[in-house]
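Chains, contacts and geometry: an overview
Here is how the chains run, residue by residue.
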Amino acid sequence: MRRAPFGAALVGTALVGTALACGPAGRVEDPSRKIQATNITATPGVELQMACMPTGPERCFNAIDDNCNGVIDEGCGVGTGVLQFTIAWESGADVDLIVTDPSGVKVYEGSRAAPGGLRLDKDCPTDDGCHGQNIENIFYEGLEPARGKYAVDVKLTDLRGGESPVKVRLGARVGSRTFGAEVMLTPSDDKKSFGFELP
Ligand SMILES: [Ca+2]
Ligand SMILES: [Ca+2]
């Protein structure tokens, strides 16, 4: 009486085990799916939108994944990879994007590449190729970004006589998903941040 259910359970386990083992090998796996942000934190005033709402074809230099394909501003000459951080804003103010990798190395306009692989490729309007738009973009090109804590800072460096607050759109791609936030910066409240961890 007892053997039959025990045997059936064993067969069931074996089948499940086989199915799990064969699943990933049977298709091409998207490596970005293995990269997922956890322990996401943000300073007050940063409300991260975790769900992507498609609004149409991708538009350039707005730091938004308009078509929700998991890539921000693709087709616009902006570097992307399994990690991508982009800011865009309208005014003539100088706003900086600073990303700190798990080893504590900062990537920003003063130090545009980290040994760990993060790279700033757009610092506009200073750089060419941004068509007069204000955008900064930092990305990781490889497939195995360092694990650990990342910090992303958006900083108002100089208002340059423009209006305050400065509204800055922040977009982040981590693995196969994107999220974003709109942050307000003033000379007295000049930095907003968010952080996450890659386990
Ligand atoms: Ca997109
Ligand atoms: Ca866009």
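In this text, all values refer to a predicted model and were calculated from it rather than measured experimentally. Starting from 1, residues in each chain are numbered consecutively following that chain's sequence as written. Numbering of ligands from 1 and lettering of chains from A proceed in the order in which they are written. In keeping with the predicted nature of the model, local features appear solely for residues at pLDDT of at least 70, side-chain atom pairs appear and are counted solely at 80 or more, and the whole-chain, interface and lining totals rest on all residues.

Focus: the sheet that holds strand S9 (residues 177–185)
Defined as follows: At least two DSSP bridges between two strands are needed for those strands to be called paired. Per the convention used, a helix needs a DSSP run of H or I reaching at least four residues, while a strand needs a run of E reaching at least two, with both numbered from the N terminus. Axis lines are fitted through C-alpha atoms, for helices just across the contact stretch, and the angle between N-to-C directions can take any value from 0 to 180 degrees.
Ordered in space as S5-S6-S2-S8-S9, the five strands form an open sheet in which the pairing is antiparallel. Unpaired on one side and paired on the other, strand S5 (118–123) and S9 mark the two borders of the sheet. The mean inter-strand angle of the sheet, taken between neighbouring strand axes irrespective of direction, is 15°. By the bridge criterion, five bridges tie S5 to strand S6 (residues 134–140) in an arrangement that is antiparallel. Residue Leu-120 lies in a different strand from S6, and its bridge partner there is Ile-138.

Structural notes on the pairing of strand S7 (residues 148–158)
The sheet contact formed by strand S3 (residues 94–100) and S7 spans seven bridges and is antiparallel. The residue of S7 that forms the bridge with Val-99 is Val-152.

A closer look at the environment of Ala-93
Condition: Contact between two residues is assigned whenever their backbone-derived C-beta positions fall within 7 Å.
Take Ala-93: it is sitting in the loop between strand S2 (83–89) and S3. The contacts of Ala-93, once residues within four sequence positions are left out, are Leu-156, Asp-158, Leu-159, Arg-160, Gly-162 and Val-166.

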